[in-house]
Amino acid sequence: MPSRPLVRWPHALAALLCLLVVLVRPAEAQLNLRVGPGGAFQPMPIAVADFSGDPSLGPLVSGIVASNLRRSGYFVPLDRAQFPETPNFDAAPRFSAWKEAGVQGLVTGRVTRDGSGRLKTEFRLWDVLAGQQMIGQQYAGDAANGRRMGHLISDAVYTKITGIGGFFDTRIAFVDESGSKERRRKRLAIMDQDGANVRYLTSGEAAVVAPRYSPATQDITYMAQTTGQQPRVQVINLETGARQVIPTNAEMSTSPRFSPDGRRLVMSDQEGGNASIYIMDLGSKAQTRITNANAIDTSPSFSPDGREIVFESDRGGQQQIYVMGADGGNPRRLSFGEGSASQPAWSPRGDYIAFTRQRKGSFAICIMKPDGSGERVLTEGFHNEGPTWAPNGQYVMFFRDPGGQAGGKLYMVDVTGRVEQPVPTPSYASDPTWSPLLDPQR
């Protein structure tokens, strides 16, 4: 059967990965997991068997699936020493044995190579309680994409059971920090969401701050500052490596972020003691000013439909969160209560705005509804900042800096606040930004 390419990896990592066919999806399967902010919650016990076939790649792919599901916080993979059998991929498992082992879901799979070395990876998700298969798929691609096959399988399993979109087949761009606190080198880096395949996109000659991934393209915007000069907004394309410096007439431009279609940047331009929010068309480079208050307006973020912009302003005397129309109309305050509020980021689902709240020396990562109601603390301590959303709107990544000579580390927390996980990086890290799901047609 002819295949379709799933992703174009940049430069030397370029390889094809192809989604082929759904095998079986019975209608009566019962396995599901409901995740919400209230009530009792227990992660689902699940087993991920070692994938058969190629002995070097089968365990690699199944290991990635098990690790991803564990890191989501919604699943507890069974230790292989407790498996009641080694399942045969071509046969139904012994459901009674797996049920007795306390398992509700079982993932089996197989990885094989054809004569040219290309891989075929197959998997099945079994509902142990109902005694039937829920879903089965197969993928084909170059051997270099074995890890990505694991992420695709993880997304398929996660989505089928939770009903929530996947987030494993994504990347994280962040600021990699190394060296002493006084002479810290800050490079733009990118990696898979689980910390693998780290690449550095800048050399460190200019310090990088606040990268933001485009929700629609393989572009990242960020601020770069060379010693003795004002920071400049730049854009890098991950597929071509092309870079451009964004021209502005302002003394300093900060906090750039893409529009939902990736065709515009919204940013804050500083003039004198004030900062106003502008929108720039990336094609024509035309700028439109949309705030004009005697204040510092910064950290703008579009709503997913592009109709509104949430931002941070001290126009009321203290940093708080405001929202306005995308043309600057009808600005209104959203955040109230103790302390200041900053760094708003609109969820891709549109249902929440994440932000940082500072009060009494503590920094909390919070979420609230777009009308300002329902504020909840997801995690709090010293010093949490820089929230960014997973493309499924279920997780927020941020960085935590303990102070002193140490540096920041990345973490992710789910919208219920129950699940918090560290995100591995090679060294200190800050300012994470989450990519959209990689395009399954490329």
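As shown above, the structure is provided for reference.
Chains are numbered independently. Their residues run from 1 in the order of the written sequence. For a predicted model such as this one, the threshold for reporting local features is a pLDDT of at least 70, and the threshold for listing and counting side-chain atom pairs is 80 or more; totals across whole chains, interfaces and linings nevertheless cover every residue. With hydrogens and water excluded, all non-hydrogen atoms of the structure serve as input to the side-chain values.

A separate point is the pattern of salt bridges. Salt bridge criterion: a side-chain nitrogen from Lys or Arg within 4 Å of a carboxyl oxygen from Asp or Glu. In total, this model carries 18 salt bridges according to the counting rule given. Measuring nitrogen to oxygen at the nearest pair gives 2.8 Å for the salt bridge that ties Arg110 to Asp90. With Arg110 in strand β6 (residues 105-113) and Asp90 in the loop between β5 (75-77) and α2 (95-100), the pair connects residues that are 20 residues apart, well separated along the chain. A salt bridge links Arg147 to Asp194, with the nearest nitrogen and oxygen atoms 2.7 Å apart. Here Arg147 is found in helix α3 (residues 146-162), whereas its partner Asp194 is found in the loop between β10 (185-192) and β11 (199-200), with 47 residues between them in sequence. Among the ionic contacts, a cluster of salt bridges with common partners joins Asp90, Arg110 and Glu122. Starting at the N terminus, helices and strands are each numbered in turn, a helix being any DSSP run of H or I of at least four residues and a strand any DSSP run of E of at least two.

So, on to the sheet that holds strand β18 (residues 274-281). The rule for pairing is simple: two strands pair if DSSP sees at least two bridges between them. Ordered by their spatial adjacency, four strands build an open sheet running β16-β17-β18-β19, and the pairing between neighbours is antiparallel. The outermost strands of the open sheet, each flanked by one partner alone, are β16 (252-258) and β19 (287-289). The average undirected angle you get between the axes of adjacent strands in this sheet is 30 degrees. Both β18 and β19 contribute to a ladder of three bridges, which runs antiparallel. Among the inter-strand pairings, Ile279 is bridged to a residue of β19, identified as Thr288. Here an axis means a line fitted to C-alpha atoms, over the contact stretch when the element is a helix, while the angle between two N-to-C directions is reported on a 0 to 180 degree scale.

Residues Leu69, Phe123, Val157, Tyr158 and Ile161 are the most contacted members of the largest nonpolar core, which totals 46 residues. Here this core takes seven residues from α3, the largest share from any one element. Each nonpolar core is a collection of buried residues, namely Ala, Val, Leu, Ile, Met, Phe, Trp, Tyr and Cys, held together in the definition by side-chain atoms within 4.5 Å. For every residue, the accessible area obtained with a 1.4 Å probe (protein chains only) is divided by the maximum for its type, and the residue is called buried under 20%, exposed over 50%, and partly exposed between those limits. Listed in part, the 13 residues of the second largest apolar core include Leu188, Leu201, Ala206 and Ala224.

This part covers the environment of Ala210. Relative to the helices and strands, Ala210 resides in strand β12 (residues 207-213). Classification of Ala210 by relative accessible area gives buried; the value is 12%. Placed 31 residues apart in sequence, Ala210 and Gly179 show a C-alpha to C-alpha distance of 19 Å. By definition in these notes, contact holds between two residues if any of their heavy atoms fall within 4.5 Å. Once residues lying within four places of it in the same chain are set aside, the contact partners of Ala210 are Val175, Thr221, Tyr222, Met223 and Asp431.

Ring pairs shown here join Phe, Tyr and Trp side chains whose ring centres sit within 6.5 Å, with only the six-membered ring taken for Trp; geometry is labelled stacked below 30 degrees between planes, edge-to-face above 60, and tilted in between. For the coordinates displayed, the defined rule picks out 14 aromatic pairs. Where Tyr74 meets Tyr158, the ring centres are 6.1 Å apart and the plane angle is 15 degrees; that geometry is what we call stacked. Of this pair, Tyr74 sits in the loop between α1 (58-72) and β5 while Tyr158 sits in helix α3; the two residues are 84 residues apart in sequence, bridging distant segments of the chain. Residue classification places Tyr74 among the buried positions, given a relative accessible area of 0%. Taking relative accessible area as the criterion, Tyr158 reaches 0% and is therefore assigned buried. Placement of a charge over a ring requires the Lys NZ or Arg CZ to be within 6 Å of the ring centre, with the centre-to-atom vector within 35 degrees of the ring normal. Sitting over the face of the ring of Phe89, Arg124 holds its NZ or CZ atom 4.5 Å from the ring centroid.

To continue, consider α3. Because an α-helix packs 3.6 residues into every turn, residues spaced three or four apart end up facing the same way. Helices are assigned an expected span. That span is 1.5 Å times one less than the residue count. Compared with the 24 Å implied by 1.5 Å per residue over 17 residues, the 24 Å span of α3 between its first and last C-alpha is a close match. Most of α3 sits inside the fold, with 14 of its 17 residues counted as buried. Among the residues trailing α3, Gly163 stands out with phi positive, at a value near 80 degrees.

Moving on, we come to the pairing of β18. The element β18 is extensively covered by neighbouring structure, given that six of its eight residues are classed as buried. Bridge count for strand β17 (residues 264-271) against β18 is eight bridges, and the pairing is antiparallel. Looking at the pairing, Val266 lines up with Ile279 of β18. Connecting the antiparallel pair β17 and β18 is a turn made up of two residues, with Gly272 showing a positive phi of about 65 degrees. Where β18 folds back on β19, the antiparallel hairpin that results is connected by five residues, among which Lys285 adopts a positive phi of roughly 65 degrees.

A word on the sheet that holds strand β29 (residues 395-400). Taken in spatial order, the four strands line up as β28-β29-β30-β31 in an open sheet, and their pairing is antiparallel. Because the sheet does not close on itself, it has two edges, and the strands there are β28 (384-389) and β31 (420-423). Neighbour-to-neighbour, the strand axes of this sheet turn through a mean angle of 30 degrees, independent of strand direction. Alignment of β29 against strand β30 (residues 409-414), held across six bridges, turns out to be antiparallel. Note on β30: the bridge partner recorded for Phe398 is Tyr411. Contacts from α1 reach β29, β30 and β31, with the element oriented near 130 degrees to β31.

Turning our eyes to something else, we now look at the environment of Pro426. In this fold, Pro426 is placed in the loop between β31 and β32 (428-434). In this structure the C-alpha to C-alpha distance between Pro426 and Ala354, which are 72 residues apart in sequence, comes to 26 Å.

The next point concerns unusual backbone geometry. Here the bond from Phe382 into His383 is cis, since omega is 15 degrees, no more than 30 degrees from zero. Position of His383 among the secondary structure elements: in the loop between β27 (376-381) and β28. Backbone geometry at Ser255 places phi at a positive 55 degrees, although glycine is not the residue there. The topology assignment puts Ser255 in strand β16.

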